[in-house]
Amino acid sequence: MGAQHVSASQPLGRIPYVDGLRGYLIYSMTLSHLGFLGPNLFTHLSHKTFSIFFTGEGFMALSGLMVGYILYRPYIRHGLGKTLGNSLRRSWKIVKYYVAVYVLCALPLLFVDLQSHALLGDYFRLRDPIEITSFGLFLGSVYRPLMFDILYLYIILIGLTPLLIWVALRFGIATLASISFGLWVTVQYQLPQKVTVKIGEMFQVDPAHLFGNFSIFAWQFPFVVGVILGMATASNPDRWPAIFDWLRTHVFGLAAGLCVVFAVFNLLALVGPLNIGYLFFSNYLTLSPLTLLNFICFCLVLVMLLHPPTPQAHRLTVTLHQGLAWLLNSRLLTVVGSNSLLTFSASVVLTYWVVAAKPYLETLGYSLAINTLVFSVVIALIYGTVLVFNALKRGTGRPLPEKSNPS
């Protein structure tokens, strides 16, 4: 990969379905986060019914793809310094959202006693977020309440993406991929976890309450892979149709078969014969090899189905393509995904508010109906947040977010 593939006069086109995919990830994440209420009518209407990965992998890989895609050509034209400055400004924007989400999540404490609300206390990792010490630790990234990991990872990784591009162009894609893979392997051997335990012993703090759930050493891996793919797409987009055709011919069947295997075992776990329980969630947090394998296979199948089918394609392939294209081009998902930083933040805040309101919701009656209504209202509020934000932007004359913006 190099500058010789870049045509400065040819503008980058949009990557199809990106907004819809980001909107779906917000939907799926919200569905998972509201699972503490119990089942609702949407509970099994996501990929998580058939997979052993959740949504964090999708957020990291898609964000890496978009940042690599957007920053590659500016890097070639302007160099590391200017591109790094622009990227750090994006990170600063996320920092402001990060702090605002923290404040808004703590807002219910004006009306709710944290000591008497065990669930909300667990979400804040048994700390009072209003205390100045907690806020200081939060700003220093030592303390992160539940659901704050992805935003934190965005701050670090999006800011450093130009450095990743520099490594890839200076030392080769293989070097960047190897370094990223090596950091992921350290988590599989539990080296960062052991350091965290030592830090906890040193300061007499429960290590489970330090640094959040998502280790950056593991979760940078799908982001970096996404950056590499984004760079490859920006440097020579014309080669991808041929690559997709080759993958469809030689890889699609294997990837689909492995997805079926994972789906069978996951469904067995859901109906009861298998009990993976905490073991699965623990493996998910470290981004284990099986989780990554399932995610990669799922992505391959999804990309092959979204790529326009050939005239000789099987009727089932054509039908699946049309159904997925319709879903990902739906107004709900594209609007929600058009400003995913805003909608991600809104989803986390609304989830915390629902957690605070849970004792009151339990008094309203039939749980399945109430849970379905709560989830529907939360999704509607997330959707409405974008509409209001866009209306305010138009009213002030400020430009709306670009559809390909990684945030």
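Residues numbered from 1 in each chain as written. Predicted model: local features only at pLDDT ≥ 70, side-chain atom pairs only at ≥ 80, totals over all residues. Heavy atoms only, no water.

**Focus on the pattern of salt bridges**
If the charged atoms of two oppositely charged side chains come close together, the side chains can form a pair. Taken as a whole, this structure holds three salt bridges when the rule is applied. As a salt-bridge pair, Lys 358 and Glu 362 come within 2.4 Å of each other at their nearest N and O atoms. On the basis of relative accessible area, Lys 358 is assigned to the buried category, the value being 18%. Residue classification places Glu 362 among the exposed residues on the basis of a relative accessible area of 54%. (Salt bridge = Lys/Arg side-chain N within 4 Å of Asp/Glu carboxyl O. Buried < 20%, exposed > 50% of the residue type's maximum accessible area, 1.4 Å probe, protein only.)

**Re the confidence of the model for the protein chain**
When pLDDT is averaged along the protein chain, the result is 90, and 92% of the positions lie at 70 or above. Every residue in residues 403–407 scores below 50 in pLDDT, and together they form 21 contacts with partners more than four places removed in sequence or on other chains. (pLDDT = per-residue confidence, 0-100. Contact = heavy atoms within 4.5 Å.)

**Focus: unusual backbone geometry**
One non-glycine residue with positive phi stands out, namely Arg 125, at about 55°. Looking at the element boundaries, Arg 125 is found in the loop between α3 (118–123) and α4 (132–139). Residues other than glycine seldom take positive phi values, yet Met 147 does so here, at roughly 80°. Note that Met 147 resides in the loop between α4 and α5 (149–171). (Helix = DSSP H or I, 4+ residues; strand = E, 2+ residues; numbered from the N terminus.)

**Examining the side chain of Ser 141**
With respect to the secondary-structure elements, Ser 141 resides in the loop between α4 and α5. Every residue in contact with Ser 141, bar those within four places of it in the chain, is listed here: Tyr 152 and Phe 211.

**Things to note about α5**
The largest bend in α5 amounts to roughly 50° and is located at Thr 161, with the proline Pro 162 lying one to four residues further along. Gly 172 sits one or two residues past α5 and shows a positive phi near 105°. (Bend = angle between axes of the 7 residues up to and from the residue.)

**Notes on the packing of helix α12 (residues 289–306) against helix α13 (residues 315–328)**
Closest axis-to-axis distance for the α12/α13 pair is 8 Å, and the angle between their directions is 95°. Judged on the interaxial angle alone, α13 and α12 are roughly perpendicular. Within the contact between the two elements, α12 uses Leu 302, Leu 305 and Leu 306 and α13 uses Thr 317, Leu 320, His 321, Leu 324, Ala 325 and Leu 328. Across the contact of α12 with α13, the residue classes tally to seven nonpolar, two polar and no charged. (Axes fitted to C-alpha atoms, helices over the stretch in contact; angles between N-to-C directions. Parallel < 35°, antiparallel > 145°, perpendicular 65-115°, else oblique. Nonpolar A, V, L, I, M, F, W, Y, C, P; charged D, E, K, R; others polar.)

**As for the packing of helix α9 (residues 240–250) against α12**
Closest axis-to-axis distance for the α9/α12 pair is 10 Å, and the angle between their directions is 115°. The two elements α9 and α12 cross, and the hand of that crossing is left-handed. Of α12, the residues touching α9 (which contributes Phe 244, Leu 247 and Arg 248) are Leu 300, Val 303 and Met 304. Of the residues assigned to the contact of α9 with α12, the class counts are five nonpolar, no polar and one charged. (Left-handed = near helix turned anticlockwise from the far one by under 90°.)

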